[in-house]
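Residue strings, one per chain:
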Amino acid sequence: MRFRERIQMTRRGYGLIRKYCPGLLPAKVSAAAADTLIPFVSIWFSARIINEISGERKIQRIAVYVVLTVLAGFALSMIKNALNKVAEEKESGMWNYFPKIFSDKQLNMDYSDLEDQEIQKQKQKAEENLYMFGNGLAQLVWDTAGLVQAVVGIVASVALTASLFLARSGNAAVDSPVWIPVAILLVGVAGIGTGKLRKKEETVFEQWTEGTVWFNRTFMFFGHTLYDDLSRAMDVRIYRQDKIADREMEKLDKHNREDNGSIQKMSVYPALTEMIRGLCNGLCYVYVVIKAAMGAFPVGSIVQYVGALIKLVQSCAELVNANSGNIIYTEHLKKLFAYLDIPCKKKQGDYRPDPEKVHTIEFKNVSFRYPGSEQSVLKNVNVTITPGKKLALVGANGAGKTTFVKLLCRLYDPEEGQILLDGRDIKEYDSKEYIKLFSYVFQDFKLFSLSLGENIAAATEYDTEKALECIKKVSFEERYRDMQDGLDTCLYRDIAEDGVMISGGEAQKIALARALYKDAPIVVLDEPTAALDPIAEAQVYSDFGKLVDHKTAIYVSHRLSSCRFCDTILVFDHGEIVQTGSHEELVNKRDGKYYELWNAQAKYYV
Ligand code: ADP
């Protein structure tokens with residue numbers, strides 16, 4: 001990546017950190033600066049004390065230096081510790097904030113992109129790299145601290161070494177200014193050499209982490225999830241899937257044994273780094289000692305110059321490290337930003353539906369194919385849904401009923417044709433306002449590990465009376481009376497230890513209560529009753545139909561009996577609406593699809 005792009009990526013990374021982890025960077029930077037300065041203070045004072053001891057030996061001055069050394073050390077340590085504490089707290093918090101970056105993006109991206117394998121892989125890779133190795137944003141935070149240490153270290157050590165070259169020994173060769181570039185060269189070689197080695201180490205690490213993403217994922221699944229996840233426990237026992245898990249874990253063991261090469265390689269680089277650094281430092285010391293022996297400065301200054309030179313080499317190496325680190329993390333940031341920059345392709349207008357109006361919906365020649373799929377799932381669908389009517393979508397599994405509903409709520413846009421709300425294309429509406437018109441209960445609805453009230457209201461602040469009313473309407477009252485904390489009872493035990501476990505049927509009633517609570521003018525029930533038998537399902541549908549009598553309601557089921565009470569039934573077959581009419585009209589058409597399906601299913605209802 002070019003330097004300019006790296007700067008851009010780094011700045012954008014800082015922007016993201018500032019937004020999601022406010023205060024983290026200032027805390028890290030000031031802690032790093034304080035941390036770097038402390039040794040310089042002690043180097044400077046030690047030199048003064050030794051110079052005094054080897055020179056005039058004024059007790060009073062020595063005492064002042066000692067007291068100042070102790071006080072300055074104490075004060076700086078206090079500041080450093082306080083800053084470090086803040087920085088550590090902020091840093092541990094950053095791991096809680098990072099997921100928000102991904103969830104914000106997921107929430108705001110097109111629904112169709114959530115199903116796009118490539119996009120989701122892109123996200124997964126960025127997440128795994130960040131959470132497992134800190135690659136990208138976390139490394140940016142750590143390396144920024146490293147960069148500050150390098151810069152503060154270089155400035156402070158140059159300030160302490162400058163007088164080394166100005167001091168005169170009387171010997172022209174030793175005092176020659178030529179030693180300045182020589183020293184810079186040595187420090188540079190040590191620094192750059194160290195940096196280059198670190199880059200090599202990082203490259204091996206990069207290759208190694210490519211493999212470990214797979215390794216960790218497989219390990220987490222076969223080592224933990226397979227056994228910890230209750231929803232899998234039954235299948236694992238019945239089909240003895242633990243044997244497959246053992247086999248996969250053996251593969252991981254084998255991978256581990258073969259992988260030792262990379263780890264050994266990585267440990268060679270730090271050793272080489274130390275060697276180069278030691279050599280260059282040593283040559284610099286020779287110069288300092290010769291100059292001191294020739295009387296250019298007192299013996300205490302040796303401590304200052306040697307100490308400062310060690311720090312200078314170290315800081316230069318840190319600067320090179322910061323640069324190599326930047327090359328690496330900007331590559332990761334680039335991948336993260338590529339994911340975060342995925343545009344919302346879904347167009348939306350700013351038209352707001354009139355809340356006072358009863359709404360008519362019209363599907364006009366609508367055809368649809370799922371992204372990446374060859375097959376049309378809906379073909380030339382035409383239907384008008386008039387306000388207040390009960391509409392049933394029936395048909396075999398896979399006929400296209402749920403897809404119809406997904407298009408209606410704009411999770412996807414039609415490939416051809418239009419969906420109109422009150423005569424206006426739904427793309428022209430503000431999508432947040434548009435979605436307010438609907439209450440949905442999906443096949444695979446999800447409740448959260450929150451309180452019952454929060455689940456029903458889908459909000460933390462809610463109208464208690466209204467929530468209780470909805471509980472009554474969906475016949476959840478009896479179970480509700482057993483719940484000791486009433487609406488504050490927590491569902492499930494993911495978060496609250498005393499959370500209440502609820503059955504599938506109870507969860508479904510809560511989901512229905514949530515749909516009632518929203519009180520939207522159009523209600524959609526998409527087979528949330530899959531766990532019930534056909535007769536119970538038919539009961540739920542017709543009871544719910546009575547509850548939302550004045551609203552437009554759309555019921556989806558592959559069980560025909562559930563929807564008998566509806567005004568109009570749309571019969572789906574292979575993505576097409578093949579019949580429309582009431583149950584009585586359709587059941588008598590002996591050559592129709594409805595008649596065929598009805599007879600096939602009738603045995604359940606007789
Ligand atoms: P129904 O609700 O009538 O059972 P769906 O509308 O769910 O049917 O599915 C219709 C067809 O679309 C099925 O063949 C199904 O496999 C396919 N399908 C559903 N969802 C997706 C998806 N996200 N990506 C690709 N194909 C899908």
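Just above sits the structure.
Residues numbered from 1 in each chain as written. Predicted model: local features only at pLDDT ≥ 70, side-chain atom pairs only at ≥ 80, totals over all residues. Heavy atoms only, no water.

Draft legend 1. Summary view of the overall build of the protein chain. Of regular secondary structure, the protein chain possesses 21 helices and 10 strands. Split into buried and exposed, the 606 residues of the protein chain put 45% on the buried side. Taken as a whole, the protein chain presents about 32,200 Å² of accessible surface, with 57% of it coming from carbon and sulfur. Separation between the mean location of the 75 positive side-chain charges and that of the 77 negative ones in the protein chain comes to 7 Å. (Helix = DSSP H or I, 4+ residues; strand = E, 2+ residues; numbered from the N terminus. Buried < 20%, exposed > 50% of the residue type's maximum accessible area, 1.4 Å probe, protein only. Areas by Shrake-Rupley, 256 points an atom, 1.4 Å probe, with all protein chains shown as cover. Lys, Arg positive; Asp, Glu negative; His and termini not counted. Charge placed at Lys NZ, Arg CZ, Asp CG, Glu CD.)

Draft legend 2. Examining the site of the ligand more closely. As a matter of local geometry, the ligand sits amid Glu 115, Tyr 370, Val 377, Ala 396, Asn 397, Gly 398, Ala 399, Gly 400, Lys 401, Thr 402, Thr 403 and Tyr 412. Within the contact set of the ligand, an oxygen atom lies 2.9 Å away from a backbone nitrogen or oxygen of Gly 400. Separating an oxygen atom of the ligand from a side-chain N or O atom of Thr 402 is a distance of 2.8 Å. Summarising the interface, the protein chains cover 64% of the accessible area of the ligand, which totals 560 Å² for the free molecule. For the shell around the ligand, the element with the highest residue contribution is helix H13 (residues 401-408), accounting for 3 residues. (Near = heavy atom within 4 Å. Polar contact = N/O pair within 3.5 Å; in protein donor to acceptor, adjacent residues only side chain to side chain.)

Draft legend 3. Looking closely at unusual backbone geometry. Positive phi, normally seen in glycine, also occurs at Asn 365, with a value near 50°. With phi around 45°, Asn 380 is a residue other than glycine that occupies positive phi space. Among the secondary structure elements, Asn 380 is positioned in strand E2 (residues 376-385). What makes Asn 380 partly exposed here is its relative accessible area of 48%.

Draft legend 4. Spotlight on the sheet that holds strand E8 (residues 552-557). The 6 strands lie next to each other as E6-E7-E8-E3-E9-E10, forming an open sheet whose pairing is mixed. The open sheet has two edge strands, strand E6 (438-441) and strand E10 (576-581), and neither has a second partner. Strand-to-strand, the axes of this sheet are offset by a mean angle of 15°, without reference to chain direction. When strand E7 (residues 522-526) meets E8, the two strands line up parallel, connected through 5 bridges. From the neighbouring strand, Asp 526 faces E8, where its bridge partner is Val 556. On the sheet, helix H18 (residues 504-518) packs against E6 and E7 and is oriented at approximately 180° with respect to E6. (Pairing = 2+ DSSP bridges. Axes fitted to C-alpha atoms, helices over the stretch in contact; angles between N-to-C directions. Contact = heavy atoms within 4.5 Å.)

Fair warning: the whole summary comes from geometry, so function is off the table for now.
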